[in-house]
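This is what each chain is made of:
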Amino acid sequence: MYAIKNENSDFYTGNDYIFQSEKYAIFTGFRDENYKKYKSLKVAEKVKKRLELSCSNSFDYLEIVEVEG
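If you're wondering where the values come from, they're calculated on a predicted model, not measured in any experiment.

Visitor: Hey, could you run me through the pairing of strand β2 (residues 11-19) in this one?
Guide: As judged from the 6 bridges shared by β2 and strand β3 (residues 22-28), these two strands associate in the antiparallel manner. When the sheet's bridge partners are listed, Ile 18 is paired in β3 with Lys 23. Hairpin geometry of β2 and β3 is characterised by an intervening segment of 2 residues between the two adjacent antiparallel strands and by a positive phi of about 50° at Gln 20.

Listed below in structure tokens is the structure:
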């Protein structure tokens, strides 16, 4: 299983929100256990690219990491 981690070591939850016409991705701490897990590395890479292109969070660093299912 794979997850997407940001520069603050938080994980993408799979949810986004729109505030003042800007789209933002929601991240949470690892211990919360409600982050999105992907079975396929290819799918995780596509989601990472979408976040980098479409969200206004100003990502300096997004990483795909392997996590236990």
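That shown, we press on.
Visitor: Mind showing me how you'd approach the environment of Glu 66 here?
Guide: With respect to the helices, strands and loops of the structure, Glu 66 is situated in strand β4 (residues 62-66). Sequence separation of Glu 66 and Glu 45 is 21 residues, and the distance between their C-alpha atoms is 12 Å. Ignoring sequence-local partners within four residues, the contact set of Glu 66 consists of Met 1 and Tyr 2.

Visitor: Explain the environment of Tyr 24 to me, please; I cannot follow it from the model alone.
Guide: Secondary-structure assignment places Tyr 24 in strand β3. Measuring from C-alpha to C-alpha, the distance between Tyr 24 and Ser 56 comes to 5.5 Å, with 32 residues separating the pair along the chain. The residues contacting Tyr 24, other than those within four sequence positions of it, are Asp 16, Tyr 17, Phe 19, Cys 55, Ser 56 and Asn 57.

Visitor: I tried to follow unusual backbone geometry on my own but got confused; where do I start?
Guide: Generally, phi is negative for residues other than glycine and the peptide bonds are trans, each holding for most cases. The phi torsion at Gln 20 lies on the positive side, around 50°, for a residue other than glycine. As for its placement among the helices and strands, Gln 20 is situated in the loop between β2 and β3. Given the relative accessible area of 65%, Gln 20 is considered exposed. In this structure, Ser 58 takes a positive phi of about 60° despite not being glycine. Summarising the element assignment, Ser 58 is placed in the loop between α1 (41-54) and β4. According to the relative accessible area criterion, Ser 58 is exposed, its value standing at 57%.

Visitor: Even after reading the chapter, I still don't get the side chain of Asn 6, so can you show me in this structure?
Guide: Secondary-structure assignment places Asn 6 in strand β1 (residues 2-6). Residue contacts for Asn 6: discarding those within four places in its chain leaves Phe 27, Tyr 61 and Leu 62.

Conventions we followed
- Residues numbered from 1 in each chain as written.
- Predicted model: local features only at pLDDT ≥ 70, side-chain atom pairs only at ≥ 80, totals over all residues.
- Heavy atoms only, no water.
- Pairing = 2+ DSSP bridges.
- Helix = DSSP H or I, 4+ residues; strand = E, 2+ residues; numbered from the N terminus.
- Contact = heavy atoms within 4.5 Å.
- Buried < 20%, exposed > 50% of the residue type's maximum accessible area, 1.4 Å probe, protein only.

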